[in-house]
Amino acid sequence: MAVMLCLGLWGLDRGTMWRDEAATYQMARRTLPQIRETLGTVDAVHGLYYLLMHLVLALRPSEVTMRLPSVLAAVAATGLVAALGCRLARPRVGLWAGLLYAVTPVVTHYAQEGRSYALVAAGAAGATYLLAGAIAPGSACASPDRGASGPACRDARAPARTPPDRGASGPASCTPPDRGASGPVRTPPDRGASGQACRDAPGSARTSPDRGAPGSACGDALSPARPLPDRGAPSPVRTPPDRDARPPGPAATPGPGATPAPGPDTVPDAGPDAAPEPGARSAVPVRGAAPRSARATSAPGPAPGSAGPGPRGRTAGWRWAAYGSVVAVTALLHVFAVLMLAAHALTLCLARPPRRVWRGWGTAAAGAVAAVLPLAALARRQSAQLAWMRHPTPGRLWAAAEDFAGPSALVLAVSLLLIVVAVARSRWRSLTAVALPLVCVPPVLLFALALYRPCFHERYLLFALAGAPLLAAAGADRLADAVTDRLVGAVKNGPTGVVTDRLVGTVKNRSADAVTDRLVGAVKNRPAGVVTDRHRALVAAAGVLAVGGAFVWQLPLHQWERQPLSRQDDLAALAATLGRLTRPGEPVLYDPPKERRIAIAYPRPLAGLRDIALKTPGPVSGTLYGIDVGPAELLRRLDGARSAWLIAADEPEAHPAKAATLTGPFRLAYALCLPGVRLERYVRVGPEGPGGVTDDHWRPWSPNSVP
């Protein structure tokens, strides 16, 4: 978030506004009745944003103040993207995803623009975060040294695995390979198993200290989090380290086929086909083990994510209410944001939650859609504002993908590779189920809609960008784990492991049992422990450096975004140029009326000109740029004028109507093409003016010129 704040404030004052920001500025400075009247004719989709900016600019009307809400919204969106990565995967995934989101050039572009798109992106990220929390209310960040917690289980069908520092309790007992087959078996005080299962038993899987046990109790991709191993349900075979429950003397090891005597620390083996007792607790202390399902089936109360009675049901209800409210407000900021509901519906399909979750989400989504329907109907009547758009081609869809994951070729290629790894070799299934629909579904739906009615633009899809850095961070995490696993395996199986085994055998045959237990645990686990304790910080730092390298590689793009020419036009430069070329008191015409935005945004350089075609100003007429008079009235007002200036839109499809009106009594004497506009000077066809000087000898006026 600090990175996004610094990037957002860097170069925030460009010294100019472009045309859309000028519309925000003038609308926000009108009175509330004038805003309401104008929204009935134009820009209804931005109505809520204009009301918000009316309050902001009331504090201090300036360009920087107008852009500050977008900066803060981008900071909030960055934090929410990082929180999603933490909730659905692990902290380093959230860190990388947040940094990737912050250094994306298109994010900083709209973070420094006085429009609603950054706020819409923050709202969509917040709604997505609430969706993940409503589906899995108990989920939490996955600790890097404990693996995935809750929804981030790696494989719902993998067998339970035991951490190397704890013994797995099970129905059968065996002898650890580092000890002789004969002799008493002792349990170290730091292990919970009482001789029932060993760490290296044949058929059992081992888990490195930095990973949790992805057992079969993980459930669906977005299942609630389970308690950590040191906070879970008490196991009947666990012995606290500060209370030695073993009887004095060595415990006799039962021979082959013998049945151990029941005791307070033993659990009778009921066999593989025996049914679990009602309310029985799991004998496996590892998080995610399969027997935990027996307790889950007998536990009373509503299911996770349900809206049943009780505090949990009320909490789920409030979560869905908050989700629906955020979606509604976000869609009111821009109506196309409602497309996020389609992405969230696909997320639910991939997560396969219970029906109660579908019911809660459906109610919240229906309420949000009902709140947005009046705005959508009004925006449809104002669709003429999008007449400048054309039907999109597949190239526009690819351009949006480049903006989201690039846009430079190298960064784009690496990002797409990481996204493919995250999808094809998914480790965090919950993250993929959330991020992939978010980044894919809204662009495809808007593209399909634009084939019928042109409305496709990348800025309308900024809220979908959050899925790209999440997937890229997940792919980077998958590759980092693959490399780390190979390094850890090489260390364990290398010369250090051989020396460790020899040292264990030597110490065991010459020392007391108590010393043996302590040295065995310390020496045997040292190679893996050293690697796993340090590699997390190194991997996280390497990821941060990689993101920093991507930012440096795209630094010229970030610098360009802070330049005035990075936008479609530069109204401040246009106003200054027009002020230097024109003379005070000369008539000026704007064709079409929207070009009047130059004088509205920067009135001082053009204050001396007469807007001769204006009939009713915008605030009074309920329009953005006012209403002009007809051709006949315009010619009547031009009677007696020797010259006139025409500021026309420099667009291929523009047909200046006022230029045709001036063609008869006036002729074109001067033309200048400026960025976005065309400046033309017309002089009247007739005799010389007063003093014997004709307008053919016109020259640009300046305050220092002598008449």
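The model shown is predicted, which means the values in this text are computed figures rather than measured ones.

Undergrad: Sorry if this is basic, but what is going on with the packing of helix H11 (residues 340-351) against helix H15 (residues 429-452) here?
TA: Each pair of packed helices can be described by the angle between their axes along with the distance between the axes. One way to put it is that H11 packs onto H15 with a least axis distance of 8 Å and a crossing angle of 140°. The angle between H11 and H15 falls in the class oblique. Crossing handedness for the pair H11 and H15: right-handed. Contacts between H11 and H15 pair Ala342, Ala343, Leu346, Thr347 and Leu350 from the former with Ala433, Val434, Pro437, Leu438, Val441, Pro442 and Leu445 from the latter. When grouped by side-chain class, the residues that make up the contact of H11 with H15 number 11 nonpolar, one polar and no charged.

Undergrad: Just to check I follow, could you spell out the pattern of salt bridges for this structure?
TA: Side chains bearing opposite charge may pair, as long as their charged atoms lie close to each other. Taken as a whole and judged by the stated rule, the model has 22 salt bridges. Put simply, Arg427 and Asp481 hold a salt bridge, and the shortest N to O gap is 1.7 Å. Of the two residues, Arg427 is situated in the loop between helix H14 (409-424) and H15 and Asp481 in helix H16 (residues 467-493); the sequence distance between them amounts to 54 residues. Across this residue pair, the class does not change: Arg427 and Asp481 are buried. Across the pair Arg681 and Glu586 runs a salt bridge, and its minimum N-O distance is 2.9 Å. Of the two residues, Arg681 is situated in strand E9 (residues 677-684) and Glu586 in the loop between helix H20 (571-581) and strand E3 (587-591); the sequence distance between them amounts to 95 residues. Summarising the burial analysis for this pair, Arg681 and Glu586 share the class buried. One connected set of salt bridges, linked through shared partners, spans Arg90, Arg92, Arg427, Asp477 and Asp481.

Undergrad: Is there a simple way to think about the sheet that holds E3 in this case?
TA: The pairing of strands in a sheet happens through backbone hydrogen bonds and is either parallel or antiparallel. Ordered by their spatial adjacency, five strands build an open sheet running E4-E3-E7-E9-E8, and the pairing between neighbours is mixed. The outermost strands of the open sheet, each flanked by one partner alone, are strand E4 (610-611) and strand E8 (666-674). Of the strand pairs in this sheet, strand E7 (residues 643-649) and E9 are connected by seven bridges, and their pairing is antiparallel. Bridge pairing links Ile647 to Leu679 in E9.

Undergrad: What exactly am I supposed to notice about the pairing of E7 here?
TA: In regular strands, side chains alternate between the two faces of the sheet. The element E7 is extensively covered by neighbouring structure, given that seven of its seven residues are classed as buried. Taking every second residue as pointing to the same face, both faces of E7 are buried, with Ser643, Trp645, Ile647 and Ala649 on one and Ala644, Leu646 and Ala648 on the other. Relative to E7, E3 is paired through four bridges, and the arrangement is parallel. Note that in E7 the partner of Val588 across the bridge is Trp645.

About the thresholds
- Residues numbered from 1 in each chain as written.
- Predicted model: local features only at pLDDT ≥ 70, side-chain atom pairs only at ≥ 80, totals over all residues.
- Heavy atoms only, no water.
- Axes fitted to C-alpha atoms, helices over the stretch in contact; angles between N-to-C directions.
- Helix = DSSP H or I, 4+ residues; strand = E, 2+ residues; numbered from the N terminus.
- Parallel < 35°, antiparallel > 145°, perpendicular 65-115°, else oblique.
- Left-handed = near helix turned anticlockwise from the far one by under 90°.
- Contact = heavy atoms within 4.5 Å.
- Nonpolar A, V, L, I, M, F, W, Y, C, P; charged D, E, K, R; others polar.
- Salt bridge = Lys/Arg side-chain N within 4 Å of Asp/Glu carboxyl O.
- Buried < 20%, exposed > 50% of the residue type's maximum accessible area, 1.4 Å probe, protein only.
- Pairing = 2+ DSSP bridges.

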